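# Structural overview
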Amino acid sequence: MYWSKLFIPTLREDPADAEVASHRLLLRAGYIRQLSAGIYNYLFLAQRSILKITQIVREEMDAIGGQEMLLPALNPAEVWKESGRWEGMGQNMFRLKDRWGHDLCLGMTHEEIMTYIARGELRSYKQLPQIWYQIQTKFRDEPRPKSGLLRVRQFIMKDAYSFDLAPEGLDKSYDAHAVAYRKIFTRCGLDFIEVEADSGAMGGSQSQEFMVASAAGEDFVVRCRATGYAANLEKAVSRPVPPAQPDPEGDAPEEIHTPGQKTIAEVAAFLSLPETSLIKSVVVVTDDNRPFLVLLRGDHQLSETKFNSAVGAKEHRAAHPDEIREWFQADPGSLGPVGVTKLKVLTDKALEGRQNMVSGANRNDYHLKNVTPGRDFMAEYHDLRQVVSGDTELETGAALDVVKTVEIGHIFKLGYRYSKSMGLNVLTESGEEKAVIMGSYGIGIERILCAAFELYNDKDGVSLPASIAPFALVLTVTNLKDEALLAAGNDLYAQAKAAGIDVLMDDRDERPGVKFKDADLIGIPWRINIGKKVAQGLVEVVERRTKEMVEKPLAEAIAYVADRLRG
RNA sequence: CGGGGCGUGGCUCAGCCUGGUAGAGCGCCUGGUUCGGGACCAGGAGGCCGGAGGUUCGAAUCCUCUCGCCCCGACCA
């Protein structure tokens, strides 16, 4: 294509409202324009990239036997009421009424509709397994859309669903998706992290997330570069950093006066002890109104998810100050486990084996020294703390990192949740009705583009992987008035086309500097400069990401690029 | 929903505090000179200052309401 005929509205300055790198560059490079909060127009360049991404997704989904469909985004309420999610989705679901007053919604995901199709048509185990997928627009009324295309209200998702007769079948479908996802993200040129995800309160189903490291991300992943261990922060386990100071000798708790010292940091400083020598007391109440005292090492944080699964709760909240006063006869800042009988005490494993530590005395302005778990209070140990950077891997002791990430894909064993609530059964070989077991598998299409922008940008713009860049090669004719250059450019263009390269010819009547800047900004991985050296039969081939430049004879330049693109 | 910030030509912003009838740079159009990292000269087009109401002789500027966008938090199948 000829740039002079295209609509690629690049900006010379950074847009004011864009803070994260991908947002700023998607706007500057002319890929997208905003329509409203969390709603974007995808212009020519974005659409080209998206088409390349979806093509990769399609090929790999087809390779595992996926069958592409296209379901409506506009859904009747009834189907969602059957699964219980008409209520369950709450305010995140866009809802509307038709002219008759019937409730409708815009689909956030399509478990319900896929199950609806399946139960109407699948009758026999002989029809299983099935993998159905679509690449389609989803709507979610996010409370706070943000960060450009990273959190939006309308986006494209590849969502796939598997239907199997038995758990072993689901395992195969799930594993096939994991393999396909690795291929998809690798082909898209992304450096991704695969993590075990929290399977949530819905039971022990398996779930994996595919993440890309990015400062703009909202999910934390714990990763070990040495062993390859990776897990969602909420689920990660580790060996804590050892206490900063060995535990002292002592035989019984003893009160010490600590006037006005409330936080861990204050108490530690007051007593000249490291935070690791203190016991942190956290009081929480579950959604079914059970209070707990949770004990952690002073420098550790409670993991919400681990606590919930330890006590079998869906949610919990911090106890109110008046509740705490009633249960402890003391205020937050002076709480501890010794003598506590009114609520259950849970102790984090990092305190196991420790002795003679400092905790609150349950008397305002007093703490206790010589507090030993198991001796001075009943200690029931659980893994309750959140991993922090600096912790080490449980088995090997190798260093762990906590990295911020963006989620690009998620695979999930659904089990029987939808088949049972919506009545999706088939007849088995022995003629009995059996619920179908399902899996669901999602990829955020725009997030792949965003992740690439986040991963591969520099001061000049973005450098996209060739597989998802809107063009693989740009031909920069430095001076359009020079007919020899233009002729050489047109010749290279024809060669590139013939070689099957997705080529963009910059035939704009602009100065060379403008063309170089734009080419760098929009991220075309390869550029050929057609300049004065054409007189000697030479052009320059430049790789966007490395800025490396080589001179090649006119007749060899395209073959060189084609070769580099292949491998 | 709580907290903060911002709405002025296409873009980035100044002007607002201390009211007097709208500016700069970039971009755009025309002509000319240029042509290897966002050129230069000359001329030109383009804004009822987010909206409504109020105060005032007079409002981009002060007051009230409202709408929108961004950021932090809460939330996130």
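Use the structure listed above.
Overview of the structure. (Residues numbered from 1 in each chain as written. Chains lettered and ligands numbered in written order. Predicted model: local features only at pLDDT ≥ 70, side-chain atom pairs only at ≥ 80, totals over all residues. Heavy atoms only, no water.)

### A look at the overall build of chain A
What chain A contains, in helices and strands, is 14 helices and 31 strands. C-alpha atoms of chain A, sized along the principal axes, occupy 95 × 65 × 50 Å. Considering chain A as a whole, with its 567 residues, one finds that 52% of them fall into the buried category. Residue pairs in contact within chain A that sit at least 24 positions apart in sequence constitute 68% of those at least 6 positions apart. Once the 69 positive and 81 negative side-chain charges of chain A are each reduced to a mean point, those two points are 4 Å apart. (Helix = DSSP H or I, 4+ residues; strand = E, 2+ residues; numbered from the N terminus. Buried < 20%, exposed > 50% of the residue type's maximum accessible area, 1.4 Å probe, protein only. Contact = heavy atoms within 4.5 Å. Lys, Arg positive; Asp, Glu negative; His and termini not counted. Charge placed at Lys NZ, Arg CZ, Asp CG, Glu CD.)

### Notes on the protein's contact with RNA strand B
Around RNA strand B, a shell composed of 37 residues is seen, among which R140, R144, D520, R527 and E540 lie nearest. Within 4 Å of the protein, atoms of RNA strand B come from sugar and phosphate in 46% of cases. Between RNA strand B and R527, the relevant distance is 2.6 Å, taken from a base oxygen to a side-chain nitrogen or oxygen of the residue. Only β1 (32–36), α13 (512–522) and β29 (526–530) provide two or more residues apiece to the surface near RNA strand B. When its residues are assigned to classes, the surface near RNA strand B shows eleven nonpolar, eight polar and 18 charged. (Near = heavy atom within 4 Å. Polar contact = N/O pair within 3.5 Å; in protein donor to acceptor, adjacent residues only side chain to side chain. Nonpolar A, V, L, I, M, F, W, Y, C, P; charged D, E, K, R; others polar.)

### Looking at the sheet that holds strand β27 (residues 473–477)
Spatially, the five strands line up as an open sheet ordered β28-β27-β29-β30-β31, and their pairing is mixed. The open sheet has two edge strands, β28 (503–506) and β31 (549–553), and neither has a second partner. For this sheet, the mean angle separating the axes of adjacent strands, direction not counted, is 25°. Sheet analysis places β29 next to strand β30 (residues 538–543), joined by four bridges and oriented antiparallel. Counterpart to W526 in the pairing with β30 is E543. Sitting on the sheet, helix α14 (residues 557–566) is in contact with β27, β29, β30 and β31, with an inclination near 170° to β29. (Pairing = 2+ DSSP bridges. Axes fitted to C-alpha atoms, helices over the stretch in contact; angles between N-to-C directions.)

### What to know about the sheet that holds strand β15 (residues 291–297)
Strand pairing in a sheet takes place through backbone hydrogen bonds and is either antiparallel or parallel in direction. Spatially, five strands are ordered β16-β14-β15-β17-β20 in an open sheet, and the strand pairing comes out mixed. Each edge of the sheet is formed by a strand with only one pairing partner; in this case those strands are β16 (316–318) and β20 (381–382). In terms of strand pairing, strand β14 (residues 279–286) meets β16 through three bridges, oriented antiparallel. By the bridge assignment, V285 is partnered in β16 with R317. Against the sheet, helix α9 (residues 321–328) makes contact with β14, β15 and β16, and its axis sits at roughly 115° relative to β14, the strand it touches most.

### With respect to the packing of helix α2 (residues 44–63) against helix α6 (residues 167–187)
One way to put it is that α2 packs onto α6 with a least axis distance of 9 Å and a crossing angle of 150°. One element, α2, and the other, α6, form an angle in the roughly antiparallel class. As α2 runs across α6, the sense of the crossing is right-handed. Touching I56, V57, E59, E60 and M61 of α2 are H177, A180, Y181, K183, I184 and R187, all from α6. A per-class count over the contact of α2 with α6 returns six nonpolar, one polar and four charged. (Parallel < 35°, antiparallel > 145°, perpendicular 65-115°, else oblique. Left-handed = near helix turned anticlockwise from the far one by under 90°.)

### Regarding the packing of aromatic side chains
Scanning the entire structure with this criterion turns up twelve aromatic pairs. Considering the side-chain rings of F185 and F210, the 5.5 Å spacing of their centres and the 50° angle between planes classify their relative orientation as tilted. Taken as a pair, F185 in helix α6 and F210 in strand β10 (residues 207–213) lie far apart in primary sequence, 25 residues in all. With a relative accessible area of 0%, F185 lands in the buried category. Here a set of aromatic residues connected by ring pairs shows up, and it is made of Y181, F185, F192 and F210. In this structure, R417 is placed above the aromatic ring of Y418, and the distance from its NZ or CZ to the ring centre is 4.8 Å. Its guanidinium or amino end placed over the ring of W3, R508 lies 4.0 Å from that ring's centre, counting from NZ or CZ. (Phe/Tyr/Trp six-rings, centres within 6.5 Å; stacked < 30°, edge-to-face > 60°. Lys NZ or Arg CZ within 6 Å of the ring centre and 35° of its normal.)

### Structural notes on empty space enclosed by the protein
Scanning the model with the defined rule gives one cavity of 30 Å³ or more in all. Taken as a whole, the largest cavity encloses approximately 40 Å³ of empty space. Together, A519, D520, I524, P525, W526, R527, V542, E543 and R544 line the largest cavity. Contributing elements (two or more residues each) for the lining of the largest cavity: α13, β29 and β30. Grouping the amino acids of the lining of the largest cavity by side-chain chemistry returns five nonpolar, no polar and four charged. (1 Å grid on protein atoms, 1.4 Å probe; cavity = no way out; pocket = protein on both sides within 12 Å on 5 of 7 lines; lining within 4 Å. Points joined across faces, edges and corners; volume = space filled by probe spheres on them.)

### Description of the packing of α2 against helix α11 (residues 445–455)
The geometry of a pair of packed helices is captured by two quantities: the angle between their axes and the separation between those axes. Where α2 contacts α11, the axes come no closer than 9 Å and their chain directions differ by 115°. Of the two possible hands of crossing, α2 and α11 adopt the one that is right-handed. Mapping the contact onto sequence places S49, I50, I53, T54 and V57 in α2 and I445, E446, I448 and L449 in α11.

### Things to note about the environment of R182
Its place among the elements puts R182 in helix α6. The partly exposed category is assigned to R182, whose relative accessible area is 33%. Along the chain, R182 and S277 lie 95 residues apart, while their C-alpha atoms are 44 Å from each other. When residues no more than four places from it in sequence are discounted, the contact partners of R182 are F192, E194, Q208 and F210.

### Concerning unusual backbone geometry
The linkage connecting L128 with the following residue, P129, adopts the cis geometry, with an omega of 0°. As for its position among the elements, P129 is in the loop between α5 (111–121) and β7 (130–139). Residues other than glycine seldom take positive phi values, yet S147 does so here, at roughly 55°. Here S147 lies in the loop between β7 and β8 (154–164).

### What to know about the pairing of strand β24 (residues 437–444)
The buried fraction of β24 amounts to eight of the eight residues, a majority that puts the element mostly inside the structure. Neither face of β24 is exposed, since I437, G439, Y441 and I443 on one face and M438, S440, G442 and G444 on the opposite face are all buried. By the bridge criterion, eight bridges tie β8 to β24 in an arrangement that is antiparallel. The residue bridging M157 from the neighbouring strand is G444, located in β24.

### Remarks on the pattern of salt bridges
Taken as a whole and assessed by the stated rule, the structure comprises 41 salt bridges. When the shortest N-O distance is used, the salt bridge between D159 and K138 registers 2.9 Å. In this pair, D159 sits in strand β8 while K138 sits in strand β7, placing the two residues 21 residues apart along the sequence. The same class applies to D159 and to K138, which are both buried. Through salt bridges with shared partners, one network takes in E142, K146, R151 and E218. (Salt bridge = Lys/Arg side-chain N within 4 Å of Asp/Glu carboxyl O.)

Take it as geometry only, folks, not as evidence of what the structure does.
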